[in-house]
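# Descriptive analysis of the structure
Each chain is listed here by its residues.
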Amino acid sequence: MKKILLACAALAVMAPAASAQGLPTLSQFLSSCYRDASACKLKLKDYVTAAQSQKNICIPDGTSINEAVSDTLRWLRSDETHPATLNDGPFDDGLFAATTTLYPCKEDAPPPPPPPPPADPAAPPADQPASPPQQ
């Protein structure tokens, strides 16, 4: 699933800024965001939209794509949210880490077990032995 996102991100997110060496680092991507914030947010919007449509992330109801983009950019810019080594890695790894951390999809949890049947008022409590049969 990540590879599909990488292909989308490579085309939509950093096509103009990609160097001959390959994908830019997260630091380079963030630098480009300071130079052109509107283009950066548009590129992040494409990434977040693709990640959501592929069910890699689950944006809660009431949170817009634009809010998710702003949250993602804020997470990426904060040194406290991720290891410093992420800054030197490919930008798409950073985008994936940010979006999946901020907007994880809840696993399909098994349904809760059914409640126990109501207790028979005539039955003795489970922790007490039943009375001996009458003869």
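Residues numbered from 1 in each chain as written. Predicted model: local features only at pLDDT ≥ 70, side-chain atom pairs only at ≥ 80, totals over all residues. Heavy atoms only, no water.

## Details of the environment of Tyr-103
Following the sequence through the fold, Tyr-103 ends up in the segment after helix H5 (91–102). For Tyr-103, a relative accessible area of 6% puts it in the buried group. Setting aside residues no more than four positions away along its own chain, Tyr-103 makes contact with Ile-57, Cys-58, Ile-59, Pro-60, Thr-63, Glu-67, Ala-68, Asp-71 and Thr-72. Separated by 2.6 Å, the side chains of Tyr-103 and Asp-71 make a polar contact. (Helix = DSSP H or I, 4+ residues; strand = E, 2+ residues; numbered from the N terminus. Buried < 20%, exposed > 50% of the residue type's maximum accessible area, 1.4 Å probe, protein only. Contact = heavy atoms within 4.5 Å. Polar contact = N/O pair within 3.5 Å; in protein donor to acceptor, adjacent residues only side chain to side chain.)

## Some details on the side chain of Thr-72
If you trace the backbone, Thr-72 turns up in helix H4 (residues 65–77). Contacts of Thr-72, omitting those with residues within four sequence positions, involve Leu-44, Val-48, Ala-98, Thr-99, Leu-102 and Tyr-103.

## A few points about the nonpolar core
In summary, soluble globular proteins display a tendency toward joint burial of nonpolar side chains. Counting 21 residues, the largest nonpolar core has Phe-29, Leu-44, Leu-76 and Leu-95 as the members making the most contacts within it. Listed by contribution, the elements that provide at least two residues to this core are helix H2 (26–35), helix H3 (37–53), H4 and H5. Discounting residues that sit within four places of it in the chain, Leu-44 has contacts with Phe-29, Val-69, Thr-72, Leu-73 and Leu-95. (Core = buried A, V, L, I, M, F, W, Y, C linked by side-chain atoms within 4.5 Å.)

## A closer look at the packing of aromatic side chains
According to the stated counting rule, one finds 1 aromatic pair in the structure shown. Summarising the aromatic geometry, the rings of Phe-29 and Phe-91 are spaced 5.7 Å apart at their centres and angled 25° between planes, so their arrangement reads as stacked. With a gap of 62 residues between them, Phe-29 in helix H2 and Phe-91 in helix H5 connect regions that are remote in the sequence. Note that Arg-77 overlies the ring of Tyr-34, its terminal NZ or CZ placed 4.3 Å from the centroid. (Phe/Tyr/Trp six-rings, centres within 6.5 Å; stacked < 30°, edge-to-face > 60°. Lys NZ or Arg CZ within 6 Å of the ring centre and 35° of its normal.)

## Side note on unusual backbone geometry
Phi at Lys-55 takes a positive value of approximately 65°, unusual for a residue other than glycine. Residue position: Lys-55 is located in the loop between H3 and H4. Lys-55 sits in the exposed class, given a relative accessible area of 65%.

## Details of the packing of H3 against H4
At their nearest, the axes of H3 and H4 sit 9 Å apart, and the two run at 110° to each other. When the axis of H3 is compared with that of H4, the two are roughly perpendicular. Two secondary-structure elements touch here, H3 through Cys-40, Lys-41, Leu-44, Lys-45, Val-48, Thr-49 and Gln-52 and H4 through Ile-65, Asn-66, Ala-68, Val-69, Ser-70, Thr-72 and Leu-73. A breakdown of the residues in the contact of H3 with H4 according to their chemical character gives 7 nonpolar, 5 polar and 2 charged. (Axes fitted to C-alpha atoms, helices over the stretch in contact; angles between N-to-C directions. Parallel < 35°, antiparallel > 145°, perpendicular 65-115°, else oblique. Nonpolar A, V, L, I, M, F, W, Y, C, P; charged D, E, K, R; others polar.)

## A closer look at the state of the cysteines
The final tally for this structure, using the stated rule, is 2 disulfides. Two residues, Cys-33 and Cys-40, share a disulfide whose sulfurs are 1.8 Å apart. For the disulfide bridge between Cys-33 and Cys-40, the dihedral angle about the S-S bond is near 60°, and by the sign convention the bridge is right-handed. Residue Cys-40 is classed as buried on the basis of its relative accessible area of 3%. Paired through a disulfide, Cys-58 and Cys-105 show a sulfur-sulfur distance of 1.9 Å. On the S-S bond that ties Cys-58 to Cys-105, the torsion sits near 95°, and the link is right-handed. Of the two residues, Cys-58 is situated in the loop between H3 and H4 and Cys-105 in the segment after H5; the sequence distance between them amounts to 47 residues. Judged by relative accessible area, which is 25%, Cys-105 ranks as partly exposed. What connects to what in the protein, once the bonded cysteines are numbered by sequence position, is 1-2, 3-4. (Disulfide = S-S within 2.5 Å.)

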